[in-house]
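# Architecture at a glance
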2 protein chains.
Amino acid sequence: MNDRFLRACRRQSVDCTPIWLMRQAGRFLPEYRALRQRHPMMEMIKTPELAVEVTLQPIRRFELDAAIIFADILPPLEAMGVSVEFVRGEGPSIAQPIRAAADIAKLVVPSPEEIAPYTQEAVRLAARELNGRVPLIGFSGAPFTLAGYLIEGGSSADYARARRLMYDATDAWHSLMEKLSLMVGAYLQAQVRAGAQALQLFDSWVGVLSPADYREFVLPYVARTVAMARQAGVPVIYFSTGTAGMLETIATTGADVIGIDWRVDLGEAWKRVGYGVAIQGNLDPLTLLAPLPKLQDRVLHVLGQAGRRDGHIFNLGHGVLQDTPVDNVKALVDLVHRETQRS
Amino acid sequence: MNDRFLRACRRQSVDCTPIWLMRQAGRFLPEYRALRQRHPMMEMIKTPELAVEVTLQPIRRFELDAAIIFADILPPLEAMGVSVEFVRGEGPSIAQPIRAAADIAKLVVPSPEEIAPYTQEAVRLAARELNGRVPLIGFSGAPFTLAGYLIEGGSSADYARARRLMYDATDAWHSLMEKLSLMVGAYLQAQVRAGAQALQLFDSWVGVLSPADYREFVLPYVARTVAMARQAGVPVIYFSTGTAGMLETIATTGADVIGIDWRVDLGEAWKRVGYGVAIQGNLDPLTLLAPLPKLQDRVLHVLGQAGRRDGHIFNLGHGVLQDTPVDNVKALVDLVHRETQRS
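Structural notes, computed from the coordinates. (Residues numbered from 1 in each chain as written. Chains lettered and ligands numbered in written order. Predicted model: local features only at pLDDT ≥ 70, side-chain atom pairs only at ≥ 80, totals over all residues.)

### Overview of the sheet that holds strand β9 (residues 312-316) of chain B
Paired through backbone hydrogen bonds, the strands of a sheet run either parallel or antiparallel to each other. Residues and elements named next belong to chain B. Put simply, the rule reads: In this analysis, strands are considered paired if DSSP registers two or more bridges between them. For the purposes of this entry, the term helix denotes a DSSP run of H or I that reaches at least four residues, the term strand denotes a run of E that reaches at least two, and both are numbered from the N terminus. We call two residues in contact when their backbone-placed C-beta atoms lie within 7 Å. With axes taken as lines fitted to C-alpha atoms, and helix axes fitted only over the stretch in contact, angles between N-to-C directions fall between 0 and 180 degrees.
If you walk across this open sheet you meet the seven strands as β1-β4-β5-β6-β7-β8-β9, and the pairing is parallel. The outermost strands of the open sheet, each flanked by one partner alone, are β1 (67-68) and β9. Pairing of strand β4 (residues 136-141) with strand β5 (residues 198-203), which is carried by five bridges, proceeds in the parallel orientation. Of the residues in β5, the one forming a bridge with Ile 137 is Ala 198. Sheet strands touched by helix α9 (residues 170-194): β4 and β5. Its angle to β4, the strand with the most contacts, is close to 165 degrees. Contacts between helix α13 (residues 266-273) and the sheet are confined to β7 (257-259) and β8 (278-283), with β8 contributing the most and set at about 155 degrees to the helix.

### Re α13(B)
Residues and elements named next belong to chain B. The condition that has to hold: Working definition of burial: number of other C-beta atoms within 10 Å of the residue's own, with buried at 20 or more, exposed at 12 or fewer, and partly exposed in between, all C-beta atoms being placed from the backbone. Working note: the arc is built from the helix axis to C-beta atom directions.
Of all the positions in α13, only Leu 266, Ala 269, Trp 270 and Val 273 are classed as buried. Across the axial projection of α13, the buried residues extend over an arc of 100 degrees, all falling on one side. After α13 finishes, the residue Gly 274 shows a positive phi value of roughly 95 degrees.

### What to know about the relation of the copies chain B and chain A
Going by this rule: The least-squares superposition of copies is restricted to C-alpha atoms, and to residues with a pLDDT of at least 70 in both copies.
Screw-axis analysis of chain B against chain A gives a translation of 0.0 Å along the axis, an RMSD of 0.0 Å, and a rotation angle of 180 degrees. Between the two chains, the operation in question is that of a two-fold axis. For chain B, the minimum C-alpha distance to the rotation axis belongs to B:Ala244 and amounts to 2.7 Å.

### Considerations on the interface of chain B and chain A
Defined as follows: Only Asp, Glu, Lys and Arg are considered charged, only Ala, Val, Leu, Ile, Met, Phe, Trp, Tyr, Cys and Pro nonpolar, and every remaining residue, Gly among them, polar.
Of the residues lining the interface, 25 residues belong to chain B; the matching set on chain A comes to 25 residues. It is helix α8 (residues 160-168) of chain B that provides the largest number of residues to the side of chain B that touches chain A, a total of five residues. Of the residues assigned to the side of chain B that touches chain A, the class counts are 12 nonpolar, five polar and eight charged.

This is the structure we're talking about:
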């Protein structure tokens, strides 16, 4: 069994630096696009056999050190009584956004088995298929990012509606975050029971907040969700973008691993979150579209920033871009393994 | 003459903390909207008397400590041979984006008097009208932000085309940045000759870059532009957003004042850029839409972060939002002055 990734999560020594890529099961792969032509997105997510196939595609092609279950952050919200749609070419959206305290009061905190049961089943099947070849990562959107989608109805440049709700209806905001953190915590625990060996919490849009707002309106709920997830006994990765201004605060979430984006040097970020946690990142995804010498140069920069310290998981600073050449991903994986080989 | 702002730029002692707001001459003011209904955007920018009127509107209404000339960052590009359009409701755009080395080769480095002469005239008239009541700030887009617009054709979520040009046509990129920095430097100097008493360089979108890309592809040109601007003998403010991960690098641009966005605590940012520069910022613009107690709380947080140190210019972390209540701006300005009164 390749346990490099799990060992790095725990800052144990490894034979070489582990690597996986956010959105590694995705549109840059021809075999993914072929499947996607025949099945709408929601069908791929809700049919465990299809989700497993997509989860395994990058593992067959590259020497990646972890698989991540193919799923989306919004469907779990359906168990709370929210209707989620996938509009072709536009991504997921919430048909009836949450805008008032009354909407929030109506949200259900579901029992664990009701939350995206097809994804739980996909985790079960994928873990069995992988059979220890590499660990399987389960994941969820973090409470703020889910709240952002619920309130805006989709993604947003500044999440102004969500942030105004914080200020204008503070009690309702806290009630929403309370419900979301209970749902997310339960969902993550269920994925571990189904076979996930690590968990990642995606807080992709929390970087729109000031540190003061993050501490008051978000941090307590991230901390609670992380605590619930860690009770399941596996390492928890907390990933956010645009949060280079508050890494010290991010470190207090209690996560085992802090995932960072590309807009900070990894060495600086690690120093600021402290060496008591592992770090994941942080190559600019666009670098995978660059000529090979430039890609190599930037990969060596990230590795140099990590130094010889145990506890670095190589990843991009955000998801793989659709136009990424498959050969460059192969070159990246091989380069990271080769350059970090411990003698 | 109220010289609080200029003294703070130089980290000299002040009677209270100066404040001005990015986009203070803008759509949140009813008198601006009234004028805007009668004149298209480009006409307002290119008619010096209208630009002066808009520049003065916020100064008449609030006890602000600086005026900033009403202009836009794109029109100066016309002097380089680029066609700039303003589409109603969509903001400025470049009809024929720059995509190839041949396009870049054709760009002209204009002589100073050719660069947005209407804005230079507006600076002259506004400085005369202000007559020392408060200092007048001239400004320009920074080379990267202008390059981003030139290549993308408008604003963009990730500036992927611009960043790919860096990698795929590195020589052409450097040539573009060289031409832009010469133009911007000359334009800023011309504004000082016309009467501007301080300058701000807006690098609003540079936060999409990794620190490594910033250092290689952008920093030398910012440094050159800042050096040209400082030769004119006035303080230079370098403003960027999303750069909390590379504040130490930002400090090496040579600017007298570093403008920061709201996504980092001001005290932390100042420590990282060093106390050898003044700092400007950094209230979240959305906070101006919050109930008054929350607004006050966040203003006191920013002031507390600045402490009693000389060299803080209060501002937002980005421009005033359109929906901002005018009364809240008045409350903000009064609060900052009252709370920071030196005895």
